[in-house]
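Reading the structure
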Amino acid sequence: MRIDLPGRVGFGTAPLGNMYRAIPEQEALDTVHAAWDHGIRYFDAAPMYGAGLAELRLGEALQQYPRDAYVLSTKVGRRLLDETEDTAQRDLGEKGGLFEHGLPNRIVYDYSADGTLRAIEESLKRLKTDRLDIVWIHDPAKDFHGDDWRAVFHQAMSGAATALTRLREEGVIKGWGLGVNRVEPCVMALQQADPDGFLIAGRYTLLDHDDALASLMPASEARGARIVVGGPYNSGILAGGAHYEYQKAGADVLGQVARLQQVAAQFGVDIRAAALQFSLAHPAVAAVIPGASQPSRIAENLALAEVAIPPAFWSALREQGLVSARAPLPIDGG
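Residues numbered from 1 in each chain as written. Predicted model: local features only at pLDDT ≥ 70, side-chain atom pairs only at ≥ 80, totals over all residues. Heavy atoms only, no water.

Digging into the overall build of the protein
If you tally the helices and strands in the protein, you get 11 helices and 12 strands. Over its C-alpha trace the protein gives a radius of gyration of 19 Å, about what one expects of a compact globule, namely 20 Å for 334 residues. Projected onto the principal axes, the alpha-carbon positions of the protein cover approximately 55 × 45 × 40 Å. When each of the 334 residues of the protein is scored for burial, the buried share is 57%. Restricting to contacts in the protein with at least 6 residues of sequence separation, those with at least 24 account for 76%. (Helix = DSSP H or I, 4+ residues; strand = E, 2+ residues; numbered from the N terminus. Rg over C-alpha atoms; globule rule 2.2 N^0.38 Å. Buried < 20%, exposed > 50% of the residue type's maximum accessible area, 1.4 Å probe, protein only. Contact = heavy atoms within 4.5 Å.)

A word on the packing of helix H5 (residues 149-169) against helix H6 (residues 184-192)
At their nearest, the axes of H5 and H6 sit 11 Å apart, and the two run at 40° to each other. Overall, the two elements H5 and H6 adopt an arrangement that is oblique. Crossing of H5 over H6 shows right-handed handedness. Each of Trp149, Arg150, Phe153, His154 and Met157 in H5 lies in contact with H6, whose residues at this interface are Glu184, Pro185, Met188, Ala189 and Gln192. (Axes fitted to C-alpha atoms, helices over the stretch in contact; angles between N-to-C directions. Parallel < 35°, antiparallel > 145°, perpendicular 65-115°, else oblique. Left-handed = near helix turned anticlockwise from the far one by under 90°.)

Concerning the side chain of Ser73
Looking at the secondary structure, you find Ser73 in strand E3 (residues 71-76). With relative accessibility at 0%, the residue Ser73 sits in the buried group. Side chain to side chain, Ser73 and Asp44 meet in a polar contact 2.6 Å long. In this view, Ser73 contacts Tyr42, Phe43, Asp44, Ala45, Ile134 and Trp136; residues no more than four positions away in its chain are not counted. (Polar contact = N/O pair within 3.5 Å; in protein donor to acceptor, adjacent residues only side chain to side chain.)

Thoughts on empty space enclosed by the protein
A full pass over the atoms with the stated rule returns 1 cavity of 30 Å³ or more. The volume enclosed by the largest cavity comes to roughly 40 Å³. Lining the largest cavity, in full, are Asn181, Ala201, Gly202, Gly231, Asn234, Ser235, Glu245 and Tyr246. Taken together, the residues of the lining of the largest cavity break down into 2 nonpolar, 5 polar and 1 charged. (1 Å grid on protein atoms, 1.4 Å probe; cavity = no way out; pocket = protein on both sides within 12 Å on 5 of 7 lines; lining within 4 Å. Points joined across faces, edges and corners; volume = space filled by probe spheres on them. Nonpolar A, V, L, I, M, F, W, Y, C, P; charged D, E, K, R; others polar.)

Some points on H6
Every buried residue belonging to H6 is among Pro185, Cys186, Val187, Met188, Ala189 and Leu190, and all of these are buried. Structurally, H6 contributes buried residues whose contacts are with H5, strand E7 (175-180), strand E8 (197-201) and helix H7 (210-223).

Concerning unusual backbone geometry
The backbone of Lys128 shows a phi angle near 55°, a positive value even though the residue is not glycine. Along the chain, Lys128 turns up in the loop between helix H3 (113-127) and strand E6 (134-138). Judged by relative accessible area, Lys128 falls into the partly exposed class, the value being 45%. A positive phi is found at Ser235, a non-glycine position, where the angle reads about 65°. Mapped onto the elements of the fold, Ser235 is located in the loop between strand E9 (226-230) and strand E10 (243-244).

What to know about the environment of Glu306
Relative to the helices and strands, Glu306 is located in helix H10 (residues 295-306). Residue class for Glu306 comes out exposed when judged on its relative accessible area of 67%. Residues Glu306 and Ala273, 33 residues apart in the sequence, show an inter-C-alpha distance of 7.8 Å.

Overview of the sheet that holds strand E2 (residues 42-44)
The pairing of strands in a sheet happens through backbone hydrogen bonds and is either parallel or antiparallel. Strand order in this open sheet of 8 strands is E1-E2-E3-E6-E7-E8-E9-E12, and the pairing throughout is parallel. At either margin of the open sheet sits one strand with a lone partner, and together these are strand E1 (11-12) and strand E12 (285-289). When E7 meets E8, the two strands line up parallel, connected through 4 bridges. From the neighbouring strand, Leu178 faces E8, where its bridge partner is Phe198. Sitting on the sheet, H6 touches E7 and E8, and the angle it makes with E7 is about 155°. (Pairing = 2+ DSSP bridges.)

Observations regarding the nonpolar core
In terms of nonpolar packing, the biggest core is built from 106 residues, with Phe43, Ile137, Leu206, Leu216 and Leu238 touching the most fellow members. Looking at this core, the element that brings in the most residues is H5, giving 9 residues. Apart from the residues within four sequence positions on either side, Phe43 is in contact with Phe11, Val32, Ala35, Trp36, Leu58, Leu62, Tyr70, Val71, Leu72 and Ser73. By size, the runner-up hydrophobic cluster in this structure holds 11 residues, among which are Tyr42, Val71, Trp136 and Leu199. (Core = buried A, V, L, I, M, F, W, Y, C linked by side-chain atoms within 4.5 Å.)

Laid out in structure tokens, this is it:
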């Protein structure tokens, strides 16, 4: 069953795991309720987000709503142990320190079939629900596993992917895929298995889309696999923040963003709106899931996804080479 999502804007819960800062419990819950009140019905989580904190908070907030009324996804490939570790020293590959304000439970990788089933059971408890709709295999990619990533990827395909395919065939889940920050493992998954789609963060954005356009997007379209775009603001750099790829942005990125902002200012466009609408313009994209840690951000994101943007703005980006000539733009559909 191919991935079918309710609405074009979902809710990514990484911030609820205390990403970058310690978020008060009530503020986190209020943010989920704000998402619901504004009509968002797709929620994505992961055990990695604050070592279970995001799942716990999401489960607490969603338990008051009918389970059939929303779509829920989480991820496998990491499990949480009862023993603790120093959150500041946690090994998160290139994303070190990202959740140092999260829970102290030790996080371990496990891409085996048995580990996948156990991870799902554990997530269900934290999420206070009896089922998941979509399961993403989390980060079998170079940014977390370095030069060994291909071996890890093959473990994930023989273990997690096999288990998830069986669960899909049995009707336990509706679909599965990879949840990653890199294009290459998604393309390889399409070649080696039958994923329903991908949650790819930061790789089909206004700032970074060339690699995805060259391979993943056409391959996904041909197979009917759907793309969920995570990190549409590239960790915040396209929303006025200082982070790119979850770290402080470098000079090259800052320069590219400055050029985008210059054109946006010329046409009176909010760069955040351009970021969301760019990602949504590709026919393979099912939804974007910007994160939020404050209730007010929900209404902002939804409004930004719909606000009118002058066609001349998109034309200017294309003419100045700030977006790929191959990238579908909101003006292309007529």
